[in-house]
Amino acid sequence: MNGPASPSSLPNVTGQVGARVVTLYGAPDCHLCHEAMAKLRRVQRLIGFELAEVDVRANPDLEAHFGSVIPVVAVGDRIVITSKVTEFRLLRLLPELLR
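Described below are features of the structure shown in this document. In every chain, residue numbers begin from 1 and rise along the written sequence. Local features are withheld for residues below a pLDDT of 70 in this predicted model, meaning they are given only at 70 or higher, and side-chain atom pairs are given and counted only at 80 or more; totals for whole chains, interfaces and linings count all residues. No hydrogens and no water enter the side-chain calculation; it runs on all heavy atoms of the structure.

**Side note on helix 1 (residues 31–47)**
Think of an α-helix as turning once every 3.6 residues; residues three or four places apart then point the same way. Let me state the cut-off plainly: A run of H or I in DSSP becomes a helix once it reaches four residues, and a run of E becomes a strand once it reaches two; helices and strands are each numbered from the N terminus. An expected span of 1.5 Å times one less than the residue number is assigned to each helix. In this scheme, a residue with accessible area under 20% of its type's maximum is buried, one over 50% is exposed, and one in between is partly exposed, where area comes from a 1.4 Å probe on protein chains only. The contact definition used throughout considers only heavy atoms, calling two residues in contact when any of these lie within 4.5 Å.
With 17 residues, helix 1 should cover 24 Å at 1.5 Å per step; its first-to-last C-alpha distance of 24 Å lies within 8% of that length. Among all positions of helix 1, only Cys33, Ala36, Met37, Lys39, Leu40 and Val43 are buried. Elements in contact with the buried residues of helix 1: strand 1 (21–26), strand 2 (50–55), strand 3 (72–75) and helix 3 (87–97). Downstream of helix 1 by one or two residues, glycine 48 has phi in the positive range, about 65 degrees.

Here it is in structure tokens:
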């Protein structure tokens, strides 16, 4: 099993660019991904950023990179959090990364 992709290998599959874009890489059948999205939306209301969602199962390269290590939160091409997404971690990490 492969681990998560290195930050430099994350493709821009959302078509969005900019430092204020947070991307959730996940899958439709992943309950942790649904929970992570809900947490991201709550944090988004507090600190403001663009939010994109990518289904890794729809992209064989992403599925190979991430394997079962989802959800993955990234800012640009930098992986910020894998698997255990909490609002505390999001609020601690995102403000600095979104400057």
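Now that the structure is up, let's keep going.
**Let's talk about the state of the cysteines**
Note the threshold: In plain terms, two cysteine sulfur atoms within 2.5 Å form what is called a disulfide here.
The tally for this structure, following the rule as stated, stands at one disulfide. The disulfide partner of cysteine 30 is cysteine 33, and the gap between their sulfur atoms is 2.4 Å. Note on the cysteine 30 and cysteine 33 pair: the S-S dihedral is about 80 degrees, so by sign convention the disulfide is right-handed. Cysteine 30 sits in the buried class, given a relative accessible area of 11%.

**Re the pattern of salt bridges**
What counts, and what does not: Think of a salt bridge as a Lys or Arg side-chain nitrogen and an Asp or Glu carboxyl oxygen that are within 4 Å of each other.
The full count for this structure, using the stated rule, is three salt bridges. Here glutamate 87 ties to arginine 42 by a salt bridge, and the two come within 2.9 Å at their closest N and O atoms. You can see glutamate 87 sitting in helix 3 and its partner arginine 42 sitting in helix 1, a full 45 residues away along the chain. With a shortest N-O distance of 3.5 Å, glutamate 63 and arginine 57 are connected by a salt bridge. Residue glutamate 63 is classed as partly exposed on the basis of its relative accessible area of 33%. Under the relative-accessibility criterion, arginine 57 is labelled partly exposed at 38%. Via salt bridges that share partners, Asp29, Arg57 and Glu63 belong to a single interconnected network.

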